[in-house]
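Report on the structure
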Amino acid sequence: MIEGARVLVVGLRTTGLSTARMLAARGATVTVVEDAPGAPGYARRVEAVRATGAQLVESPAPDDWAALVAESTMVVPSPGVRPVHPVYEAAAAAGTPVRGDIDLGVALATVPVVAVTGTNGKTTVTTLVASMLEESGIAALATGNIGSGVLDAIESDVDVLVVEVSSFQLHATTASFRPRVAVLLNIAHDHIDWHGSFEAYVDAKRRVFEHQGPDDVLVFNADDPVVGDLARSAPGRTVAFASEAAAGTAGVRDGELLAPDATALATIRELGPLGPQDLANAAAAAAASIQVGATPDGIRSALMKFPRLHHRVELVGKADGVSYVDDSKATNPHATLAALAGVDSAVLLAGGDAKGVDLAVLREAAGHVRSVVAIGATPELVEAAFAGAVPVARAASMHDAVRMAAARAEAGDTVLLSPACASFDWYDGYEQRGDDFRHEVETLTGADAERERKR
């Protein structure tokens, strides 16, 4: 598949470098193309990729792509290469296969692969599946968008690889992407600016299972109508999870989390306070891990030990009867609606880079919202979503936003940072946005001063 191949790798960031190294080590002739040289760390990556023997081409003209593809037997775009990039048109015209890093990684893996995708919950479920397997005595590694890249992970001494897969990565794959277990958590409007339409986004998600065989498994969300519709076309076996367990479906019934075969895995009381999305994630992870050998005891142990990941409905402070919750990972309206469903009365901090998604759906949760503070570069989109239903104020910074929210909150309320948008208008990522929120909350409540006093 690789030895003797002439491969065109598009993009020289972390994934591109990893891909070039793997291909060169397996006997391929590699050309790496970087459209925009000079990003942070670029010089180091140039040195590393040249050490593999790969050729580097920088800033090619649009007309150069046809010749670059013509000299190649395979094209491997990095996940950030958009669908409108000229390499796709050139590859289609030449009939040259286009493969993604996860596509290659899964094909080369010598152990079963569980691939997890969805609009929300990917990292949580990927981490949980790996933990459930480990607690069952099965060596597992969480990889993909979490931890090391897939191509770096395939050499690891483990029994199962659990891969978090984005729609960007799935877009770049072809007919060979075939995980033993595919997990499709949910599909809602997101990354429309990247894919071009919701239909194209859905089609990318479909690829997580589209080329499975009859012995493979799709674990799908029976509560999500888009996912349920896609699952009907799955070529392999299907296993459902849902908020409420039914026959053959993982989920909750009578206060217990049940496996698809109705085996009790844990009581909800012993797991502590969990929102609906947490329970759905637990059911999905249980259903998936069982397919590759997890035991009921291992699943329960993992759930009991599992910490909530940062920036996902994370309590970061309390003052005057008001709770302050960081849900900065909510980068689309679907995630924000899930967070709001878990609170009775919120002062919501929302806004940022909407990625071409209509925020109007947030209005569905107006009954849970006392007031809104619009943050980020497009506050008018937040104002339009809640116009006539909930008062909205604009903030020019996170410092201002937290203080405005505190002034509007009443005892028993939750000040909720759940932006429904990406963060790149104000920050380098959702983590930085969440950290800034926590800092401002601690400054407001005096928690930072108290921490310094105790040092």
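The model shown is predicted, which means the values in this text are computed figures rather than measured ones.

This brings us to the overall build of the chain. Secondary structure assignment for the chain yields 19 helices and 19 strands. For 455 residues, the compact-globule estimate of 2.2 N^0.38 gives 23 Å, and the C-alpha radius of gyration of the chain, at 23 Å, lies within 12% of that figure. Projected onto its principal axes, the C-alpha coordinates of the chain cover approximately 70 × 50 × 50 Å. For the chain, the residues scored as buried account for 56% of the 455 residues in total. When contacts within the chain are restricted to residue pairs at least 6 apart in sequence, those whose partners lie at least 24 apart make up 65%. Of the roughly 18800 Å² of accessible surface on the chain, a fraction of 50% belongs to carbon and sulfur atoms. Of the charged side chains in the chain, 37 are positive and 58 negative, and the gap between their average positions amounts to 2 Å.

Right, let's talk about the environment of Gly-213 for a bit. Topologically, Gly-213 is positioned in the loop between helix H10 (198–206) and strand E9 (217–221). With relative accessibility at 7%, the residue Gly-213 sits in the buried group. Sequence spacing of Gly-213 and Ser-166 is 47 residues, and the spatial spacing of their C-alpha atoms is 21 Å. The residues touching Gly-213, leaving out its near neighbours within four places in the chain, are Arg-178, Pro-235 and Gly-236.

Mapped onto the secondary structure, Asp-103 falls in helix H5 (residues 101–108). Overall, the relative accessible area of 0% leaves Asp-103 in the buried class. Polar side-chain contacts of Asp-103 include one of 2.4 Å to the side chain of Ser-176.

This next bit is on the sheet that holds strand E18 (residues 392–394). What the six strands build is an open sheet, ordered E14-E15-E19-E16-E17-E18; its pairing is mixed. In the strand order of this sheet, the two ends are held by strand E14 (314–319) and E18, each with one partner. Recorded for the sheet is a direction-independent mean angle of 20° between the axes of neighbouring strands. Helix H16 (residues 379–386) contacts strand E16 (346–350), strand E17 (369–374) and E18 of the sheet and is inclined by roughly 170° relative to E18. In the packing of helix H17 (residues 398–408) onto the sheet, the strands contacted are strand E15 (322–326), E16, E17, E18 and strand E19 (414–417), and the crossing angle to E16 comes to about 165°.

In this section: the packing of helix H1 (residues 14–25) against H5. Working note: a packed helix pair is described by the angle between its axes plus the distance between those axes. Between H1 and H5, whose axes approach to 11 Å, the crossing angle comes to 40°. Viewed along their axes, H1 and H5 adopt a mutual orientation that is oblique. For the crossing formed where H1 meets H5, the hand is left-handed. Between H1, through Thr-15, Thr-19, Met-22 and Leu-23, and H5, the contact on the second element is made entirely by Asp-101, Leu-104 and Leu-108. The residue inventory of the contact of H1 with H5, partitioned by class, reads four nonpolar, two polar and one charged.

When H16 is considered as a whole, its buried residues turn out to be Pro-379, Val-382, Ala-385 and Phe-386. For H16, the arc enclosing every buried residue in end-on projection is 120°, short of the 170-degree limit, so these residues lie on one face. Residues of H16 that are buried make contact with E16, E17 and E18. A positive backbone phi angle near 80° is found at Gly-388, which sits one or two residues after H16.

Let us look at the nonpolar core. Formed by 54 residues in total, the largest nonpolar core has its most connected members in Leu-23 and Val-32. Setting aside its immediate chain neighbours within four residues, Leu-23 contacts Ile-2, Val-7, Val-9, Ala-28, Val-30 and Leu-104. One finds Val-181, Ile-268, Ala-284 and Ala-288 within the second-largest nonpolar core, a separate group that totals 41 residues.

At a minimum axis separation of 9 Å, H17 and helix H18 (residues 430–445) run at an interaxial angle of 55°. In this view, H17 runs oblique relative to H18, as classed from their interaxial angle. The crossing of H17 and H18 is right-handed. Contact residues: Met-398, His-399, Val-402, Arg-403 and Ala-406 in H17; Arg-433, Asp-436, Phe-437, Glu-440, Val-441, Thr-443 and Leu-444 in H18. Grouping the constituent residues of the contact of H17 with H18 by class yields six nonpolar, two polar and four charged.

Cut-off values and rules
Residues numbered from 1 in each chain as written. Predicted model: local features only at pLDDT ≥ 70, side-chain atom pairs only at ≥ 80, totals over all residues. Heavy atoms only, no water. Helix = DSSP H or I, 4+ residues; strand = E, 2+ residues; numbered from the N terminus. Rg over C-alpha atoms; globule rule 2.2 N^0.38 Å. Buried < 20%, exposed > 50% of the residue type's maximum accessible area, 1.4 Å probe, protein only. Contact = heavy atoms within 4.5 Å. Areas by Shrake-Rupley, 256 points an atom, 1.4 Å probe, with all protein chains shown as cover. Lys, Arg positive; Asp, Glu negative; His and termini not counted. Charge placed at Lys NZ, Arg CZ, Asp CG, Glu CD. Polar contact = N/O pair within 3.5 Å; in protein donor to acceptor, adjacent residues only side chain to side chain. Pairing = 2+ DSSP bridges. Axes fitted to C-alpha atoms, helices over the stretch in contact; angles between N-to-C directions. Parallel < 35°, antiparallel > 145°, perpendicular 65-115°, else oblique. Left-handed = near helix turned anticlockwise from the far one by under 90°. Nonpolar A, V, L, I, M, F, W, Y, C, P; charged D, E, K, R; others polar. Arc of directions from axis to C-beta. Core = buried A, V, L, I, M, F, W, Y, C linked by side-chain atoms within 4.5 Å.

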